[in-house]
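Read off the chains here:
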Amino acid sequence: MDFLNSLFTDFGAQILTSGTAAFAIAAIGVNIHFGYTGLLNFGQAGFMLIGAYGFAITIESGGGFWLGVLMSLLAAVLFALVLGIPTVKLRGDYLAIVTIAAAEIIRIVGGNALLEPLTGGVAGILGSQFQPAFQALSFLPKTGTFTLGPYTYPYTEGDSWWLRIVGWSLVLIFCLIVWLLMRSPWGRVLRGIREDEDAVRSLGKNVFAYKMQSLILGGVLGAVGGDIFVLSSSVQPDSLGRTTTFLIYTCLLLGGAASIFGPVLGALLYFVLRIGITDFAGQFIPSSIMNSQQIPQFAWIVVGVGLMLLVIFRPQGILGNKKELAFND
Amino acid sequence: MHFSRLSRSRSGSKKWVLPTLVALLLAFLATFIPVGATASAAVPTCSPDATTACVRGTLLDDDSNAVAKVSVTLTPPTGPEETEVTGSTGQWVFSVHEKGQYKVSVDTSTLPKGLKLAVASKTLTVALSSLAPAAFDITGSQTSDGHVVQQSATSLYLLRVWQQFASGLRLGLLIALASIGLSLVYGTTGLSNFAHAEQVTLGGMLGFTFAGVLGLNLIVASVITVILCALTGYLQDKFIWGPLRKRGLGLNQLMIVTIGLSIALEYTYQYFYGGQPVAMTGIIQQNTGPLYMTPISYLSMAIAVVVLVAVGLFLLKTRIGRATRAVSDNRALAAASGIDVDRIIRLVWIISTGLAGLAGVLYSLVQGGMQWSTGLQLLLLMFAAVTLGGLGTAFGALVGSMIIGVVVEMSNLVLSADLKYATALVILILVLLVRPQGILGRRERIG
């Protein structure tokens, strides 16, 4: 019983964290790209990282919180333009390779020793450099902790209730925005592009412009996800690499692409399942067979195999509609 | 029908052509390897356990020659300093029994004259039961008996340019070995295989298992590794990719399946081999010859050239090779003219994974080890190479790889070393801007 108790406590803690919210927001962004427009953006982690850099560096150099957010969004827009203009016209897998390459460039350059005064190099920008600007906006008490059931977190500082509230409110707001957008004529054109680009073009729509708009919008959501992600830790380039992108896809495909709540449900389930596997393996597999270092690795192996099985046997995920499958060739 | 029967029987008997070829080659070249010639003498030992950690390093000059008789001092967080003098291998090691911040410094007055050290002391965070390596970057070079080579700045720079170019050729050849498979699979099935990186890593890991752990002869271990890698290609196509093609899974869907496979394999390697690089052999060789490389590098390049030529001849001259190119050009037409497309694709998978395994073995030997993430680092270089050369064209992959290899290594002359992969990726994006079909590709493929 103790084990079950701690397991469900872990589940709840994981569901609440701002990290899960950050993944959900980034996955909503990828849902616009991949789920609704059929664009294979494999550089979402790059959008998150460049957004986080724009945000943290602006605040660090005294620009204030709102300018930081603005710069974060602008950085994502610029990144989307640079990426999209050469590749959106090409076939899907070209976009995939270019976006993954561009995201890697951001990560490698960000971690470069030459940029250390700006980005902090591989060590990154410490949270204390930019988090106070966010915490100053909090309407909760500035110090002290609050306990809800088994969960005790600070009101405002660090990995706080304030951050959780903001993160999950943003998730809900973005779900609402995506819902409104996708039932608008604009959203119908995006779906049309996903289904048959040539048909949409023959109706006189500028497919390139729509694809760019989709790339920018989803990328901006990636940047917001990146901001939330770094607000509980630091801006470390290596924490937002390729694997992060792949995990965002895993979340999206698990929940169901081209559905409003799919990315959110996927992010929640993904983290809950992973912590469930870790807890179970830690509890029931003797350490002679699997030591404490191998348990998280085992969980990752399960994630990889799970992604394969998911895409093969249930490509529409949990909430998706098979008729709206984003995988077209 | 006649052609179909013919190609079927041929593909049946030729299934193992490549691994066998590679095996013969390695056996032939074996006679040239001076294995064990430079077995190390009196290496200080330290093995990490629950109460011990090893702070260690090797002092090497620009030519990777050991720098002997240099004092290295360790300053622990508490307690007295320790000093050690490097032996003939240039190695130094301290056993420590407390975790914390340790400072390691090299006494520059004991360095041979003419050798310089940019940073003479480093601070390391050491955890128990671990190896804490500290690298010191010594510039200048000396002969093997310890005399410093005096050279003018210009000739040193030219030497460096030449060296970077040579390592570029080496990297290019190794990437070519790996990326031809990636390109062939793409050409025949349309799949961008993200798990190809892990096939390269697999080569290094299996090589380590057979040579490093089981202690087999390097050649035998390499041959077994390549054969096993090729076998994984056969099994993958038989049990995963073949059935999925029959199910009619879309290409993007398949691509995400390969990403899942790639994640699973990466962590499988970490699970079994840990996070540190593993080496097939502990032999440290000296740089020699016109390219200033280790003998094993020359050998690897020779093997790569021979195998690449063999693959080229196979594709151009043999019936089954022509059938492969036919499938690559137009699958439906190839099938209509009696080529057994599924058999060709299976053969392509075998060749692809076999070559990737060989590339992994050679890369591990050249670089002195393979890590779970090494293949991953190479994957984007491979994608850059095949895109530059023209997606799906085997010869394009070769051209692209050589260019990427040389550019990546030469960029070291003007940019810092950690940016070299970024250079390749910038090229990739520029190519797509200017000539999306690549150097040897054709326009209609990109639409």
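Residues numbered from 1 in each chain as written. Chains lettered and ligands numbered in written order. Predicted model: local features only at pLDDT ≥ 70, side-chain atom pairs only at ≥ 80, totals over all residues.

Undergrad: Now, about the sheet that holds strand β3 (residues 82–85) of chain B: what can you tell me, with residues and values included?
TA: All names here are of chain B. Taking strand neighbours across the sheet as the criterion, the four strands line up as β3-β2-β5-β7 in an open arrangement whose pairing is antiparallel. Two strands close off the open sheet at either side, each with one partner strand: β3 and β7 (121–126). Strand after strand, the sheet turns through a mean of 25° between neighbouring axes, direction not considered. For strand β2 (residues 71–75) and strand β5 (residues 100–106), the ladder comprises four bridges, and the chain directions are antiparallel. Each bridged residue has a counterpart across the sheet, and for T73 the counterpart in β5 is S105. (Pairing = 2+ DSSP bridges. Helix = DSSP H or I, 4+ residues; strand = E, 2+ residues; numbered from the N terminus. Axes fitted to C-alpha atoms, helices over the stretch in contact; angles between N-to-C directions.)

Undergrad: Give a description of the pairing of β5 of chain B that names residues and reports values.
TA: As defined by bridge partners, β5 of chain B adjoins β7 of chain B across six bridges and the pair is classed as antiparallel. Counted as the bridge partner of G100 of chain B is V126 of chain B from β7 of chain B.

Undergrad: Tell me about helix α14 (residues 294–313) of chain A, and name the residues and values.
TA: Taking 1.5 Å of rise per residue, the 20 residues of α14 of chain A would be expected to cover 28 Å, and the 28 Å separating its terminal C-alpha atoms lies within 8% of that figure. Within α14 of chain A, the full set of buried residues consists of Q297, A299, W300, I301, V303, G304, G306, L307, M308, L310 and V311 of chain A. Where α14 of chain A is buried, its residues touch α12 (242–255) and α13 (262–284) of chain A together with α6 (251–273) of chain B. (Expected span 1.5 Å × (residues − 1). Buried ≥ 20, exposed ≤ 12 C-beta atoms within 10 Å, placed from the backbone. Contact = placed C-beta atoms within 7 Å.)

Undergrad: Break down the interface of chain A and chain B for me, citing the residues and quoting the values.
TA: With 39 residues of chain A in contact, the opposing surface of chain B contributes 36 residues. Listed by contribution, the elements that provide at least two residues to the side of chain A that touches chain B are α4 (65–87), α5 (92–110), α12 and α14 of chain A. Across the side of chain A that touches chain B, the residue classes break down as 27 nonpolar, eight polar and four charged. (Nonpolar A, V, L, I, M, F, W, Y, C, P; charged D, E, K, R; others polar.)

Undergrad: So what about the nonpolar core? Which residues, and what values?
TA: Of all hydrophobic cores here, the largest spans 206 residues; its most connected members are I25 of chain A together with L177, A178, L381, A384 and L428 of chain B. Counting residues per element, this core draws most heavily on helix α10 (residues 341–367) of chain B, which supplies 16 residues. Beyond its immediate stretch of four places on either side in the chain, A384 of chain B contacts I404, A424, L425, I427 and L428 of chain B. With 21 residues, the next largest nonpolar core counts C54, W92, V126 and I138 of chain B among its residues. (Core = buried A, V, L, I, M, F, W, Y, C linked by C-beta atoms within 7 Å.)

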